[in-house]
Amino acid sequence: MSGRARLTLAAWGATLMASGALLPLVKPATWIFTAAFVLALVSGVGTLARRAPLAQPLTLLAQLAVALLALTAIFAREQAILWFLPGPQVFTHAADLFAAGAEDVGRYAIPAPDTEGIRIMLVGGVVAIGLMVDTLAVSFRKAAPAGLPLLALYSVAAGLSGGGAGWLWFLLAASGYLLLLLAEGRDRLSQWGRVFGGAQRSARPGSSVAGGGGPTFAPARTGRRIGAVAMGVAMVVPFALPGFTGGLIGNGDGEGTGGEGRGGTISAVNPLVSLQDNLRQPEDREVLRYRTNARDTSGLYLRLVALDQFDGTSWKSSARPIEAVPKQLPWPDGLSQSVRITEVTSNFVASEGYEQKWLPMPYPAGRVDIDGRWRYEPAGRMLVGDDKQTTKGARYTVSSLDVQPTSEQLAAAGDAPEKLLREYTKIPASLPADVKATALQVTKGARNDYEQAVKLQEWFARDGGFRYDVDVESGTGVQAISRFLKDKEGFCVHFSFSMAAMARSLGIPARVAVGFMPGTTQTDGSVSVGIRDAHAWPELYFEGAGWTRFEPTPSRGSTPSYTQDNTPSGTATGPAQPEQSASAQPSAAPSASASCTPQERRLGDCGPEEAVAGADSSGGGPNPLTVVLIVVGVLAVLAIPLFPLLWRTRIRARRLGPGGAAAGARTLAVWQEILDTAWDYGIEPDESQTPRRTAARIVRLGELGGEAADAVHRVARAVEEALYAPNPRPASGLAEEAARIRAGFHASADRGTRLRALLAPRSAARLRWSTAARWSETTTRWSIQREALLTRAIPRLRRN
């Protein structure tokens, strides 16, 4: 392979390896295959243009043209001329896609869905970076500056992921850059002639001091070692230095910037960050409308999802299995029949512009009647769309329970089940001590969990001096909670997350619910829910009442009746009757910018999203094909360590087994097997020795005696006869002689050497050498054929 071809391949690989840091940001990550294909086209055109040869500016223009044609065919085929030629409509469509992608990036949390806008931004960005790397490293032969666009690509991924792209992606990106540098170094050295490769490797037949025949020469080996040490230092040193807990690989606390000290703002990894954007909307666009027979709608919160994992940086939903929606949902966990319950029926109509996977429902729902591909997550009692099913224009009916426990029942609640208590009281070890200290101070004098919960709610909503402000930077990490308790200003995310964390610190099972407040009653009796009704609130578990809503956010929502003396008066909206008239339709069609609200899209990084991706839409268990593929993959992984053993066994059987080879060839094959057996037990072959001297060396170093030593000498004499006798006689019993020698090595070696010879035989290196030789032969043959083809074609093209 020529130096330029090697550089082109290294530039292509380095770009893709650096773009690997973008893979966790979008789900599914199939865009990487599109980017790899387009980038391969661009690199291939660059290779052909340089061979023509064309001037560097013309080469770059040719690559830009191919990239434009390929992106047009992929993303704007319908707007293009002849499906791939760009016209004015193509550029207009591309601008719209980029605008939509920019909006999606600001709207979604990680991992974001693979929308068309995000996809074109990723593919186009990777192709642009790859084109810059190819131009710098290959056209100008400046591999070192090519690291700048690669660093920019990795930095963007690290920034979008909250400052921690993961050690694996850093290692991958750094390895790609090092490979690019090594490829350029090898190309530069090769221009000075044949490179001295150091001392001859005695174990490899045919190796040359000149280095031309070996696959690796000393400078390349040294470069690889320096690169490996540099990457090790980059990964280890930040953890050893104070104040560099994460380094390039990420911040272990998941903290962002802002505030005093170490800060407390968390990046958009949190699925609720878009709540703040929705609450700041200048126009309250309607997302859905409903009618209900509830006598009091003040407590009819529409719940989307429950966040039950607090890892110190964000609240998330656990990854749980989903199933087909049952006709009747199971009875809620922990809810006793002694608690007063009223069944409520509500009919919902979602706006055409409101698209999300999570279905807004009152909690706890008992029955849901809806068409489409919906799935049920039992632990959180949530419905999630399957196979791109969304709420767009959905009409559905929900029968829910209005649970009305009394304060006496909550105060007398027994202990929660051990499993539930253990799961829903987890707090990170990094939780600042002032959080629990504040919780103990606020709840001082409380006699039970219920009184502690009420004191926390009243402290946040009334007595603590907190102020509701949607302009405060959102954050969910442990430092953000501590900062919020100090500054005492924020919006529903701060209040709900902080109360849930403080409740857990007191041993009360808690989680955070996300959804909408009940909405506003209209003159026709229906209730309209707008985008600014988006809300988050804590749910605490009490045995007998189940998961119970609390409202710590001041001036938002309604305080539950079981936490106050006077029950609030609500507004009845009349009996529920399914409506098909225009009065049940949303009064204003939301614009495209309102179609993705915080609660669903950003909840894409919650655990159930993973369950949705891997669940069978039929509800009948795992796909048999998936099971088979997983089993085959596991077996393949387990077989990798055994591959040297299997290869060595196969080679031994071929050499010693009966065959139709000539007598001399069979004798040499057995001798090769004896040499490899000695190598497996630690005696490296020395092909400069005669068979007789080699036999003496094997007997001496292998400490062989008796039959094994005699067998080595007998086979050596047979080899000399096969090599030098005019008419060599057929030798018999060679396979038995080899078996005796192998048994002699086994008897004289210690246990570690025997295991090494069996499981990781040294002679398996011949497989790597053979593969490298075949690859070199194949590439040389291809290069000769390509040169011949170009030699014939280029003059003809120039004449044309």
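The model shown is predicted, which means the values in this text are computed figures rather than measured ones. (Residues numbered from 1 in each chain as written. Predicted model: local features only at pLDDT ≥ 70, side-chain atom pairs only at ≥ 80, totals over all residues. Heavy atoms only, no water.)

Remarks on the overall build of the protein
What the protein contains, in helices and strands, is 25 helices and 20 strands. Buried residues in the protein amount to 47% of all 800 residues. Residue pairs in contact within the protein that sit at least 24 positions apart in sequence constitute 73% of those at least 6 positions apart. For the protein, the exposed surface amounts to about 38500 Å²; the carbon and sulfur share of it is 58%. (Helix = DSSP H or I, 4+ residues; strand = E, 2+ residues; numbered from the N terminus. Buried < 20%, exposed > 50% of the residue type's maximum accessible area, 1.4 Å probe, protein only. Contact = heavy atoms within 4.5 Å. Areas by Shrake-Rupley, 256 points an atom, 1.4 Å probe, with all protein chains shown as cover.)

Let's talk about the side chain of Ser318
Inspection of the secondary structure puts Ser318 in the loop between β6 (315-316) and β7 (323-324). A distance of 2.8 Å separates polar atoms of two side chains, one belonging to Ser318 and the other to Asp308. Side chain to side chain, Ser318 and Gln309 meet in a polar contact 3.4 Å long. (Polar contact = N/O pair within 3.5 Å; in protein donor to acceptor, adjacent residues only side chain to side chain.)

Considerations on the pattern of salt bridges
Within this structure, the stated rule accounts for 26 salt bridges. Glu458 is the salt-bridge partner of Arg462, the closest N and O atoms lying 3.5 Å from each other. Of this pair, Arg462 and Glu458 both sit in helix α13 (residues 449-463), four residues apart, which is roughly one turn of the helix. Given the relative accessible area of 58%, Arg462 is considered exposed. When the shortest N-O distance is used, the salt bridge between Arg462 and Asp463 registers 3.0 Å. Several salt bridges converge on common partners, so that one network encompasses Arg648, Arg652, Arg655, Glu673, Asp676, Asp680 and Arg766. (Salt bridge = Lys/Arg side-chain N within 4 Å of Asp/Glu carboxyl O.)

Remarks on the packing of aromatic side chains
Summed over all chains, the structure comprises 19 aromatic pairs. Considering the side-chain rings of Phe460 and Phe484, the 6.2 Å spacing of their centres and the 10° angle between planes classify their relative orientation as stacked. With a gap of 24 residues between them, Phe460 in helix α13 and Phe484 in helix α14 (residues 478-487) connect regions that are remote in the sequence. With respect to burial, Phe460 and Phe484 carry one shared label: buried. With a centroid separation of 6.3 Å and 80° between ring planes, the pair formed by Trp775 and Trp782 is classed as edge-to-face. (Phe/Tyr/Trp six-rings, centres within 6.5 Å; stacked < 30°, edge-to-face > 60°.)

Observations regarding the confidence of the model for the protein
Mean pLDDT for the protein: 77, with 76% of residues reaching 70 or above. Scored below 50 in pLDDT, residues 195-216 makes 39 contacts in the model with residues more than four places away or belonging to other chains. (pLDDT = per-residue confidence, 0-100.)

Some remarks on helix α12 (residues 433-442)
Residues spaced three or four apart along an α-helix point in a common direction, a consequence of the helix completing one turn every 3.6 residues. Of the residues making up α12, those classed as buried are Val435, Thr438, Ala439 and Val442. One side of α12 holds all its buried residues, which, seen down the axis, span an arc of 100°. Residues of α12 that are exposed and point more than 90 degrees away from the buried face comprise Ala433 and Gln441. (Arc of directions from axis to C-beta.)

Details of unusual backbone geometry
Comment: phi is negative for the bulk of residues other than glycine, and the bulk of peptide bonds are trans. Look at the link from Tyr363 to Pro364: it is a cis peptide, with omega at -5°. By the secondary structure assignment, Pro364 is in the loop between β9 (361-362) and β10 (365-370). Look at Trp83: it is not a glycine, yet its phi comes out positive at around 70°. Tracing the chain through its elements places Trp83 in the loop between α3 (56-75) and α4 (88-107). One non-glycine residue, Arg141, lies in positive phi territory at about 55°.

A closer look at the pairing of strand β20 (residues 546-549)
Looking down a regular strand, the side chains alternate between one sheet face and the other. Two elements, strand β19 (residues 534-542) and β20, share four bridges in a ladder whose sense is antiparallel. Directly across from Glu539, in β20, lies its bridge partner Arg549. Adjacent in sequence and paired antiparallel, β19 and β20 are bridged by three residues, among which Gly544 carries a positive phi angle near 105°. (Pairing = 2+ DSSP bridges.)

As for the packing of α13 against helix α15 (residues 492-505)
At a minimum axis distance of 11 Å, the contact between α13 and α15 shows a crossing angle of 150°. One finds that α13 runs roughly antiparallel with respect to α15. Handedness of the crossing formed by α13 with α15: right-handed. Here Ala453, Leu456, Gln457, Trp459 and Phe460 of α13 come into contact with α15, specifically with Phe495, Ser498, Met499, Met502 and Ala503. A breakdown of the residues in the contact of α13 with α15 according to their chemical character gives eight nonpolar, two polar and no charged. (Axes fitted to C-alpha atoms, helices over the stretch in contact; angles between N-to-C directions. Parallel < 35°, antiparallel > 145°, perpendicular 65-115°, else oblique. Left-handed = near helix turned anticlockwise from the far one by under 90°. Nonpolar A, V, L, I, M, F, W, Y, C, P; charged D, E, K, R; others polar.)

A word on the pairing of strand β18 (residues 527-530)
The alternating pattern of β18 places Val527 and Val529 on one face and Ser528 and Gly530 on the opposite face, and all of these are buried. Linking strand β17 (residues 520-521) back to β18 in an antiparallel pair, the connection comprises five residues, with Gly525 at a positive phi of about 95°.

Here we look at the sheet that holds β7
One open sheet holds the three strands; their spatial order is β7-β11-β12, and the pairing between them is antiparallel. The two strands at the open ends of the sheet, each matched to only one other strand, are β7 and β12 (382-385). As defined by bridge partners, strand β11 (residues 374-377) adjoins β12 across four bridges and the pair is classed as antiparallel. Its bridge partner lying in β12, Arg375 is registered against Val384.

A look at the side chain of Arg511
Mapped onto the elements of the fold, Arg511 is located in strand β16 (residues 510-516). A distance of 3.4 Å separates polar atoms of two side chains, one belonging to Arg511 and the other to Tyr363.

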